[in-house]
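# Observations on chain architecture
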Protein chains: 2
Amino acid sequence: MSQTDPLLPALAELVGADGVRSGEAIALLDPGWHPDNLGAGLVVYPRSVEEVAAVVALCHRSRRAVVPHGGLSGLAGGAVSRPGEVALSLRRLDRVLALDPAGATLLVEAGATLEAVQAAVAAHGLDPGIDLAARGSATIGGLIATNAGGIRAFRHGTMRQRVLGLETVLADGTVYSDLAGVLKNNTGYDLKQLFIGAEGTLGIVTRAVLRLEPLQAPAATALLGLPGFDAALALCARLRREHPARLLAVELMERGYFASAERALAAHQGAVGIADCPLYLLIELAADGALDVPEAFAALLGAALDQGLVTDCVLAQSETQRAALWRLREDSDAPGREFADRLHFDVSLPLAQIGPYLGRLRAGLDGLAPGIAVLAYGHFLDGNLHLTLGADEPLVPRHEAVEACVYASLAGLGGSISAEHGIGLDKKAALAAHAPPGKLELMRRIKRALDPEALMNPGKILDTPV
Amino acid sequence: MSQTDPLLPALAELVGADGVRSGEAIALLDPGWHPDNLGAGLVVYPRSVEEVAAVVALCHRSRRAVVPHGGLSGLAGGAVSRPGEVALSLRRLDRVLALDPAGATLLVEAGATLEAVQAAVAAHGLDPGIDLAARGSATIGGLIATNAGGIRAFRHGTMRQRVLGLETVLADGTVYSDLAGVLKNNTGYDLKQLFIGAEGTLGIVTRAVLRLEPLQAPAATALLGLPGFDAALALCARLRREHPARLLAVELMERGYFASAERALAAHQGAVGIADCPLYLLIELAADGALDVPEAFAALLGAALDQGLVTDCVLAQSETQRAALWRLREDSDAPGREFADRLHFDVSLPLAQIGPYLGRLRAGLDGLAPGIAVLAYGHFLDGNLHLTLGADEPLVPRHEAVEACVYASLAGLGGSISAEHGIGLDKKAALAAHAPPGKLELMRRIKRALDPEALMNPGKILDTPV
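Residues numbered from 1 in each chain as written. Chains lettered and ligands numbered in written order. Predicted model: local features only at pLDDT ≥ 70, side-chain atom pairs only at ≥ 80, totals over all residues. Heavy atoms only, no water.

## Some details on the relation of the copies chain B and chain A
Between the two copies, chain B and chain A, the superposition gives an RMSD of 0.0 Å; the rotation angle is 180° and the shift along the axis is 0.0 Å. Each copy turns onto its partner about a two-fold axis. Residues of chain B ranked by C-alpha distance from the rotation axis are headed by A245(B), positioned 2.7 Å from it. Interface overlap between copies: 100% of the residues of chain B at the interface are likewise at the interface in chain A, consistent with a symmetric, same-surface contact. (Least-squares fit on C-alpha atoms with pLDDT ≥ 70 in both. Contact = heavy atoms within 4.5 Å.)

## Brief notes about the interface of chain B and chain A
Tallying the contact residues gives 76 residues for chain B and 76 residues for chain A. For the pair chain B and chain A, the two sides together bury roughly 6,100 Å², of which 60% comes from carbon and sulfur. It is K184(B), N186(B) and Y189(B) in chain B that bury the most area against chain A; as a group they hold 17% of the surface buried on that side. Linking chain B to chain A there are 8 salt bridges. Of the charged contacts, one joins D288(B) and R246(A) as a salt bridge, the two residues approaching to 2.7 Å between their closest N and O atoms. At the level of secondary structure, the elements contributing two or more residues to the side of chain B that touches chain A comprise α5 (153–156), α6 (159–162), β9 (175–178), α7 (192–195), α8 (229–242) and α15 (439–450) of chain B. No other element matches α15(B), which puts 8 residues into the side of chain B that touches chain A. Along the lines of polarity and charge, the residues of the side of chain B that touches chain A split into 34 nonpolar, 27 polar and 15 charged. (Buried area = accessible area lost by both parts, 1.4 Å probe. Salt bridge = Lys/Arg side-chain N within 4 Å of Asp/Glu carboxyl O. Helix = DSSP H or I, 4+ residues; strand = E, 2+ residues; numbered from the N terminus. Nonpolar A, V, L, I, M, F, W, Y, C, P; charged D, E, K, R; others polar.)

## Details of the packing of helix α1 (residues 8–15) of chain A against helix α2 (residues 49–61) of chain A
Residues and elements named next belong to chain A. For the pair α1 and α2, interaxial distance at closest approach is 9 Å and the crossing angle is 165°. The angle between the axes of α1 and α2 places the two elements in the roughly antiparallel class. Read as a crossing pair, α1 and α2 show a hand that is right-handed. Where α1 abuts α2, its residues A10, L11, L14 and V15 lie against E51, A54, V55 and L58. For the contact of α1 with α2, the per-class residue count stands at 7 nonpolar, no polar and 1 charged. (Axes fitted to C-alpha atoms, helices over the stretch in contact; angles between N-to-C directions. Parallel < 35°, antiparallel > 145°, perpendicular 65-115°, else oblique. Left-handed = near helix turned anticlockwise from the far one by under 90°.)

## With respect to the nonpolar core
Of all hydrophobic cores here, the largest spans 130 residues; its most connected members are I140(A), I144(A) and I144(B). Sequence-distant contacts of I140(A), that is, excluding residues within four places in its chain, are made with V108(A), E109(A), A110(A), A112(A), L114(A), V117(A), M159(A) and L210(A). Among the nonpolar cores identified, the runner-up in size contains 111 residues, and L233(A), Y407(A), A376(B) and L395(B) belong to it. (Core = buried A, V, L, I, M, F, W, Y, C linked by side-chain atoms within 4.5 Å. Buried < 20%, exposed > 50% of the residue type's maximum accessible area, 1.4 Å probe, protein only.)

## Some remarks on the pairing of β9(B)
Residues and elements named next belong to chain B. Side chains of β9 alternate between two faces, with Y176 and D178 buried and V175 and S177 left unburied. Where strand β8 (residues 163–169) lies against β9, 4 bridges are found, and the strand directions are antiparallel. From the neighbouring strand, L166 faces β9, where its bridge partner is D178. Taking the residues that link successive antiparallel strands as the turn, the β8-β9 hairpin has 5 residues, and the phi of G173 there is positive, at about 95°. (Pairing = 2+ DSSP bridges.)

## A closer look at the sheet that holds strand β2 (residues 42–44) of chain A
All names here are of chain A. Reading across from one edge, β1-β2-β4-β3 is the order of the 4 strands in this open sheet, with mixed pairing throughout. Taken across any chain shown, the strands that pair with only one partner, and hence form the sheet edges, are β1 (20–22) and β3 (66–69). Adjacent strand axes in the sheet meet at a mean angle of 25°, parallel and antiparallel pairs treated alike. Across 3 bridges, the pairing between β1 and β2 is antiparallel. Each residue of the ladder has a partner; that of R21, found in β2, is V43.

## Focus on helix α9 (residues 255–269) of chain B
A turn of α-helix holds 3.6 residues, and therefore any two residues three or four places apart point the same way. Residues and elements named next belong to chain B. The sharpest bend along α9 measures roughly 35° and falls at R263. Buried residues of α9: Y257, F258, S260, A261, E262 and L265, and no others. Looking at the buried residues of α9, the elements they touch are β12 (218–226), β13 (247–254), β14 (279–286), α11 (319–330) and β17 (373–379). Looking one or two residues beyond α9, the residue adopting positive phi is G270, at roughly 70°. (Bend = angle between axes of the 7 residues up to and from the residue.)

## Overview of the pairing of strand β16 (residues 341–348) of chain A
Residues and elements named next belong to chain A. Within β16, 6 of the 8 residues are buried, leaving the element largely enclosed by the surrounding structure. Strand direction decides the pairing type here: β16 and strand β18 (residues 384–391), joined by 8 bridges, are antiparallel. Paired with L343 across the strands is L389, a residue of β18.

## A short note on the sheet that holds strand β2 (residues 42–44) of chain B
Residues and elements named next belong to chain B. Spatially, β1-β2-β4-β3 is the arrangement adopted by the 4 strands of the open sheet, whose pairing is mixed. Every interior strand has two partners, whereas the edge strands, β1 (20–22) and β3 (66–69), have only one. Within this sheet the neighbouring strands show an average axis-to-axis angle of 25°, counted without direction. Running over the sheet, helix α1 (residues 8–15) touches β1 and β2 and is turned about 150° from β1. Packed on one face of the sheet, helix α2 (residues 49–61) meets β2, β3 and β4 (86–89) and runs near 170° to β4.

## Overview of the side chain of N384(A)
By the secondary structure assignment, N384(A) is in strand β18. Relative accessible area serves as the criterion here: at 1%, N384(A) is assigned to the buried category. Of note is the side chain of N384(A), whose polar atom sits 3.0 Å from the side chain of D346(A). The residues touching N384(A), leaving out its near neighbours within four places in the chain, are D346(A), V347(A), S348(A), Y377(A), G378(A), H379(A), A419(A), E420(A) and K184(B). (Polar contact = N/O pair within 3.5 Å; in protein donor to acceptor, adjacent residues only side chain to side chain.)

## Comments concerning the pattern of salt bridges
Under the counting rule described, the total for this entry stands at 58 salt bridges over all chains. R47(A) is the salt-bridge partner of D18(A), the closest N and O atoms lying 3.4 Å from each other. Linking D18(A) in the loop between α1 and β1 with R47(A) in the loop between β2 and α2, this pair joins segments that are 29 residues apart in sequence. Accessibility expressed as a relative area gives 44% for R47(A), which makes it partly exposed. Each member of the salt-bridge network shares a partner with another, and the members are R246(A), D288(A), R246(B) and D288(B).

Pasting the structure below:
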């Protein structure tokens, strides 16, 4: 379709010949995390909000579906495109437009990467308040469209809480722009909330005003080995009480994940030299003026060791050692590679339920088929568990049964089947199976109200008959 | 209508005879902040979610509009009811249902007051993360429906950021319940965001799961007199850098407001004894473990006095003195009473714009008519200004011109015409005049999608032709 696509001349007129890729040029592009992201065979790269609007309006007139593309690091297939659709990349809208240091806000285009934003505001002692391993590729627009979470959510919320103002191109090419830069703004329905987390199915994010936080430099980073989840809860209660705003990260790695991560990175950085424990927490505390944070942390850890809440610990003594500890957690694609087949999940549940849930999950999987290993890690204080299930027998054919086992108890526990990766294509069936009664029907009503022809990233999150 | 209302028997059957007030019994009820809140002449008091659903379903079948009532402390007329409508009070759904100390969440019914919730969780060292002067009457459901802000928003967000799970009764009486208790929950459109801040026009909040924060005890409270807004910005930049998570409050009072507040409270508590200054900040810092917060604060203030950022200051030496300082700020209905007529506004703008905005506003009002005083106060770090305009000549007849003057420049500055009080009835015209292009049409589409018969709190926020 792409090479002889009748839309090509009109698209090239709107964004310039160098702003359209199709045909053989597609093969030269990086498809990103999902192999089918470039399935449309046609990618448009507008350079301005006006060009985005013009492209979307053209597609609307031509009844062509539009699939927005950011950094293509999404894990749920939200950027997958099919022949006949038009992939619209925001990567050329990547300018940091205006920083307000007094108000601690930033106006930025959707295609800027998180890393670029972090760098731009760090020079002013500020931080976007969100951080995640894909910072180098994930774009602001993608973070907003997927309501990204990451490492700092327990402190500063998910992306939804970072957005003060938003500009979106609607299904018919209209630009809806509400770029207010204030936290308190109760002027009717907060429409931006609809677009945040909608994965591009209601409109395309083009610009945003982000709320910034004071930049906090890490003062102490430690890997702790713990005897179990009860100890982790007790330790975290104390950490939150004593260091509520110095806590930069509390990342979880269960034994299976940690051992596999250490093996995977062995050639690169050797072993950490920590005792074998059921679970590990990677904890980072921020510097705080006159307070001797490393000393306060050491005192807390000393007491926790005495009380048996912590079994062993390694304090990073250098930036190199700190980076090595972080790599164990952030290089999460490596662990589990020793298995012939793997499946990945991203769930959340109330903190106290994590331990019991994992116990029940392992029992359930054992009942299903022996030999399925659960590598668990994630953002502990968000109750956000990432699960890599590995087996030497093929898992994909048993995907449905395994998935049912992973998701079964979450709703009853007050948890979620998709914590931060969203629904996209891959979790549509799971959402349909586990959503609260009435949710899909309400979502369809919203979809029809904003995109009646179902042209915005169709088939993502829900199936919308036109 | 009410005494012979044909719906009375059916309503009494659903909620019991003691759950319906009409006729002369209405005169015995407190109408709350707005005199017309009880205009319907009929109030129903369900005791359970099921009863709320049954009442709404009955009203839907009978094509009767429903006006939800919480603590009736709203300032924009969102609870005003008219003959023929049914006021539905949530005040009997006031139970604190389940506290999860590890997960720091609370399941609570909509009719519980903020004060009751604060008390219930304080016993566990936790705090709802939101606080405002109307804490004794404002209910959780009302706070959610109006996306309340208050004193702590700069730290913990507005009510929108406090809600993890939400249950709502929809226009047809269906209960939509998504009471997940996790921060990360990306499972399709985040529908609860629609109901938060919608002032009851899309559904009635019945239960919520709130996110809690560690309770922070105040360690130092001071009233500072400053030479102007530049000094306030410089001081706050330092406070945010050095005490980001110990800052409990940074409340603003301009000279005119402060002087009037002191006079109004003179008989009650005497003068504070602080120098006459263009503006005042009431600052409160939290205790923090080993750190000597009063000493750190005194050092910061000493430096600020030396640099001329602060002209004078009074540190509260007792709980009585602390309460007296807070009363100056929270008893905000008293200041301005010396004027024959008053108008109130609630706006927000980027921090650095507050000073210039007030200068321009005063010039604009002088151009309109001399002798209009501007008493400005509010939540400084949110850029949230409350304005009491006072004059000895009638202001109400000039309301439109005055309002135009107050709102004119806000959108251009990235601010908001309604920071935390919402739109209700009173600000509908202002919203229509100042909303971003396309916003009202998008809001109408959402309203039609969720409440096609326009039975939920009709005429609030926007006029919806049925």
